[in-house]
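Overview (structure and organization)
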Amino acid sequence: MDHESSTMRRVTSARSQLILNEPFFGVLSLKLKVRERDDIKTAQTDGTHLDFNAKFVDKLTDMELQGLIAHEVMHCVSHHMTRRQEREPMQWNIACDHAINLFLLDTGFILPDGGVHDEQYRDMTAEAIYEHLDENSKSCPWGHVVDAGEGALDADSGSGLEVSWDLAVQQAAEVAKAAGKLPGGMDRLIDKLQKAQIDFRQHLWPFFTGNSKNDFTWRRPHRAYISEDEYFPSMYDEAPGTYVVAMDTSGSTSDMVHKFLSEIVAIHEELRPERMVFIQCDTQVDEGRIVDVTSDEELTSDILNVGGGGGTLFQPIFDWVEQNDVDPEGMVFFTDLYPCDEFPPEPHYPVLWVSTEADQTAPWGKTTYLLH
């Protein structure tokens, strides 16, 4: 038996052992097409393939090999192959490894030597960890994740690949539960990871358009009867009324600003609220950058000149709204909900928090999550 086939047999055997001992990871590992490659140094995945260098694998114990396979599976479960965007690839790899290795070690896996894991990054997403790393961070020793489709013509599209893995994760979890071998905390982790992939638009659009023309409101008395000191409810117009769109411009959101701005422009273009007040805030409201537009005015991201870069406080936004007599139908707040844990009292109007961090939830209002 030649060298290549013996190494491949070890990988196949390791997957079989995972199916028996850790079925969640074993079942999911079968979704990856295994390939031996001598043009990579250790191992990697693009969400479709599990690639490995035979010389590297031959140095691993059987338990380390199982840990390596579980590591690559977790990259796919976490959609790391589709979430990098413009981030530096090696630093992204390091952040992704930090995001999954502690969990794997807690589960009982033995990982190859040198794997990065730091308690300070526990329960943080790869995006958040990336912002804490610097260019001097040490390199990933093994187990890389590359962008979906890189070097693989038959790889699925990014969105299709994510959906495919989400379905596979649910099925693998059911198999592991039936065997009584679903790792502790996996349910919570799956929920957290999937929250990060929810398209917030499914909550945003109904938030703006939930009031139909047949709805009555006492908050807008019928103007024809105000002079007679008699108040009757008025009907909502088809277009949304006054809305405040707030944006957290603290340093921790810097990599998401472009995404925030594109969504804010889309809100105005597609929904055309009667009035939209755009407010920026880190530890204080940036008075010089407030934009107040009506439905018939144009809005571009160039107009939404962004400042900030400091810490995080939410209270100043709500204070400004009250002090300036803005009585909105609702507020949409783009933020990472991090690291501030001081929230103002809940206002009389509804608030939709659009968070970039799946492990953060506001204590009131509705929290949804922005796709990375």
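Residues numbered from 1 in each chain as written. Predicted model: local features only at pLDDT ≥ 70, side-chain atom pairs only at ≥ 80, totals over all residues. Heavy atoms only, no water.

Section: the overall build of the protein
Cut-off, in case you're wondering: Note on conventions: DSSP H or I runs of at least 4 residues are helices, E runs of at least 2 residues are strands, and numbering of each starts at the N terminus. Per-residue accessibility, obtained with a 1.4 Å probe over protein chains only, is compared with the maximum for each type, and a residue is labelled buried under 20%, exposed over 50%, and partly exposed between these values. Contacts: residue pairs with any heavy atoms within 4.5 Å of one another. Surface accessibility follows the Shrake-Rupley procedure with a 1.4 Å probe radius. Residue values consider only the protein chains on display as shielding.
Regarding its fold elements, the protein presents 11 helices and 12 strands. Scored against the burial criterion, the 372 residues of the protein give a buried share of 51%. In the protein, of all internal contacts separated by at least 6 residues, the share reaching a separation of at least 24 is 66%. Carbon and sulfur atoms make up 48% of the accessible area of the protein, which amounts to about 17,400 Å² in all.

Some remarks on unusual backbone geometry
One non-glycine residue, D123, lies in positive phi territory at about 65°. Its place among the elements puts D123 in the loop between α5 (89-107) and α6 (126-132). The phi dihedral of L337 falls on the positive side, at around 55°, and the residue is not glycine. By the element assignment, L337 lies in the loop between β10 (330-335) and β11 (351-355).

Description of helix α4 (residues 62-77)
What counts is decided by this rule: To estimate the expected span of a helix, subtract one from its residue number and multiply by 1.5 Å.
When the terminal C-alpha atoms of α4 are compared, their 23 Å separation across 16 residues agrees well with the 22 Å that a helix rising 1.5 Å per residue should span. Taken across its 16 residues, α4 has 14 buried, putting it largely inside the fold.

Focus: the side chain of N53
Note the following rule: Any pair of N or O atoms that falls within 3.5 Å is considered a polar contact. Within protein, one atom must be able to donate a hydrogen and the other to accept it, and sequence-neighbouring residues count only if both atoms are side-chain atoms.
Position of N53 relative to the elements: it lies in the loop between β3 (49-52) and α3 (54-58). From its side chain, N53 meets the backbone oxygen of I40 in a polar contact 2.8 Å long. At 2.9 Å, the side chain of N53 and the backbone nitrogen of K55 are in polar contact.

Some details on the packing of aromatic side chains
Applied cut-off: Here is the rule: rings of Phe, Tyr and Trp (six-membered ring for Trp) pair when centre to centre is within 6.5 Å. Planes less than 30 degrees apart are stacked, more than 60 are edge-to-face, and the remainder are tilted. Note on geometry: a ring has a charge over it if NZ (lysine) or CZ (arginine) is within 6 Å of the ring centre and within 35 degrees of the ring normal.
What the rule picks out here adds up to 12 aromatic pairs. Between F25 and F109, the ring centres sit 4.9 Å apart and the planes meet at 85°, which makes this aromatic pair edge-to-face. Of the two residues, F25 is situated in helix α2 (residues 23-29) and F109 in the loop between α5 and α6; the sequence distance between them amounts to 84 residues. When its relative accessible area of 0% is taken as the criterion, F25 is described as buried. Relative to W353, the ring of F314 lies with its centre 5.3 Å away and its plane at 70°, an arrangement referred to as edge-to-face. Of this pair, F314 sits in the loop between β9 (291-294) and α11 (315-323) while W353 sits in strand β11, and the two are 39 residues apart along the sequence. The pair formed by F314 and W353 is uniform in burial state, with each residue classed as buried. In this structure an aromatic cluster arises from ring pairing among F314, F318, F333, F343, W353 and W364. Of note, K31 hangs over the ring of W165, and the distance from its end group to the ring centre comes to 5.4 Å.

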